[in-house]
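# Structure at a glance
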Amino acid sequence: MAEMLESYLGFDTYFLILGIMGFLLILVIFLLVMTINTKRKLKQLTRNYTDFMRGKDAESMEEAILRKFAEIDELEEKDKKKQQKIEELYEKLKGAYQKIGIVKYDAFQEMGGKLSFSIAILDEENSGYVMNSMHSQEGCYTYVKEIIKGKSFITLGEEEKQALEQAITCKTIPIE
């Protein structure tokens, strides 16, 4: 059979076998190098994974993740409490005086200088007070009139009306 193959190929089968063996030897060396390289990379990857899972100061990654989740839960609870306090403050702020209007005038023309004034102080619902202070040579007189939802049940003077209008049209910070 070897003789028939030699006559068919035209050369000695010994060289053919030698060539195949050389090729296989090169293939084995190549695969050996690839195996060593893969083993080295796997070892490095395993070391990196182990370091990653160990965490800082030999702390396990699972413990770190669980601790972070607990911190997130705590922060969410604190956020809810802060939001509730903000809402309470907004409710209280509705009753606080937020709008102001002031008109200075000369109550008695002989005085010279605008030492008299009317000031309106209102909350969000335009309720509050109008104060009128009139200054004269004999003294200073102050009057307070209650305002409920933008209206007074006592007649207002011209300056008091102007101060009230200023306060009512005053811009407020919207409560959200």
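Each remark here, short or long, concerns the structure printed above.
The following paragraphs examine the structure supplied in this document. (Residues numbered from 1 in each chain as written. Predicted model: local features only at pLDDT ≥ 70, side-chain atom pairs only at ≥ 80, totals over all residues. Heavy atoms only, no water.)

### Describing the overall build of the protein
Scanning the protein from N- to C-terminus turns up four helices and five strands. Secondary structure elements of the protein, listed N to C terminal, follow the sequence α-α-α-β-β-β-β-β-α. Taken over 176 residues, the protein has a buried fraction of 16%. Sequence separation of at least 24 residues holds for 42% of the intrachain contacts in the protein that already meet a minimum separation of 6. (Helix = DSSP H or I, 4+ residues; strand = E, 2+ residues; numbered from the N terminus. Buried < 20%, exposed > 50% of the residue type's maximum accessible area, 1.4 Å probe, protein only. Contact = heavy atoms within 4.5 Å.)

### Overview of the pattern of salt bridges
Applying the stated rule across the entire model yields four salt bridges. When the shortest N-O distance is used, the salt bridge between Lys 78 and Glu 74 registers 3.5 Å. On the criterion of helical spacing, the pair formed by Lys 78 and Glu 74 is a turn pair, its members being four residues apart in helix α3 (residues 61-94). Owing to a relative accessible area of 46%, Glu 74 belongs among the partly exposed residues under this scheme. Of the charged contacts, one joins Lys 145 and Glu 160 as a salt bridge, the two residues approaching to 2.9 Å between their closest N and O atoms. With Lys 145 in strand β4 (residues 140-148) and Glu 160 in helix α4 (residues 158-168), this pair connects stretches of sequence that are 15 residues apart. An identical accessibility class is assigned to Lys 145 and Glu 160; each is buried. The network of salt bridges with common partners includes Arg 67, Lys 68 and Glu 71. (Salt bridge = Lys/Arg side-chain N within 4 Å of Asp/Glu carboxyl O.)

### Looking at the nonpolar core
One finds Val 103, Ala 120, Leu 122, Val 130, Ile 147, Leu 156, Ala 163, Leu 164 and Ala 167 forming the largest nonpolar core, which totals nine residues. Broken down by secondary-structure element, the contributors of at least two residues to this core are β2 (116-122) and α4. Ranked by the residues each element gives to this core, the list is headed by α4, at three residues. (Core = buried A, V, L, I, M, F, W, Y, C linked by side-chain atoms within 4.5 Å.)

### Here's the deal with unusual backbone geometry
Backbone geometry places Asn 126, a non-glycine residue, at a positive phi of 60°. Tracing the backbone shows Asn 126 in the loop between β2 and β3 (128-135).

### Observations regarding the pairing of β3
Here β2 runs beside β3; their pairing, made up of six bridges, is antiparallel. In the sheet register, Phe 117 faces β3, and the bridge partner there is Ser 133. Counting the residues in the hairpin turn of β2 and β3 gives five residues, including Asn 126, whose phi is positive at 60°. Here β3 runs beside β4; their pairing, made up of eight bridges, is antiparallel. Along β4, the bridge assignment pairs Met 134 with Tyr 141. (Pairing = 2+ DSSP bridges.)

### Concerning the sheet that holds strand β5 (residues 151-152)
Spatial strand order, β1-β2-β3-β4-β5: five strands in an open sheet with antiparallel pairing. Two strands lie at the open edges of the sheet, namely β1 (99-105) and β5, each paired on one side alone. Most of the contacts of α4 go to β1, to which it runs at about 150°, and overall it touches β1, β2, β3 and β4. (Axes fitted to C-alpha atoms, helices over the stretch in contact; angles between N-to-C directions.)

### Looking at the packing of aromatic side chains
By the definition in use, this model includes one aromatic pair. Ring geometry for Tyr 97 versus Tyr 129: centroids 6.4 Å apart, planes at 70°, classification edge-to-face. Of this pair, Tyr 97 sits in the loop between α3 and β1 while Tyr 129 sits in strand β3, and the two are 32 residues apart along the sequence. Judged by its relative accessible area of 48%, Tyr 97 is partly exposed. We classify Tyr 129 as partly exposed; its relative accessible area is 37%. (Phe/Tyr/Trp six-rings, centres within 6.5 Å; stacked < 30°, edge-to-face > 60°.)

### So, the pairing of β4
In textbook terms, the turn of a hairpin is the stretch between consecutive antiparallel strands, and for β3 and β4 this stretch comprises four residues, one of which, Gly 139, has a positive phi near 160°. Linking β4 back to β5 in an antiparallel pair, the connection comprises two residues, with Lys 149 at a positive phi of about 50°.

### Observations regarding the side chain of Lys 99
The residue Lys 99 is located in strand β1 in this model. It turns out Lys 99 is buried and unbridged, and the closest side chain with the opposite charge, Asp 123, is 6.9 Å from it. A polar atom in the side chain of Lys 99 sits 2.7 Å from the side chain of Asn 126. (Lys, Arg positive; Asp, Glu negative; His and termini not counted. Polar contact = N/O pair within 3.5 Å; in protein donor to acceptor, adjacent residues only side chain to side chain.)

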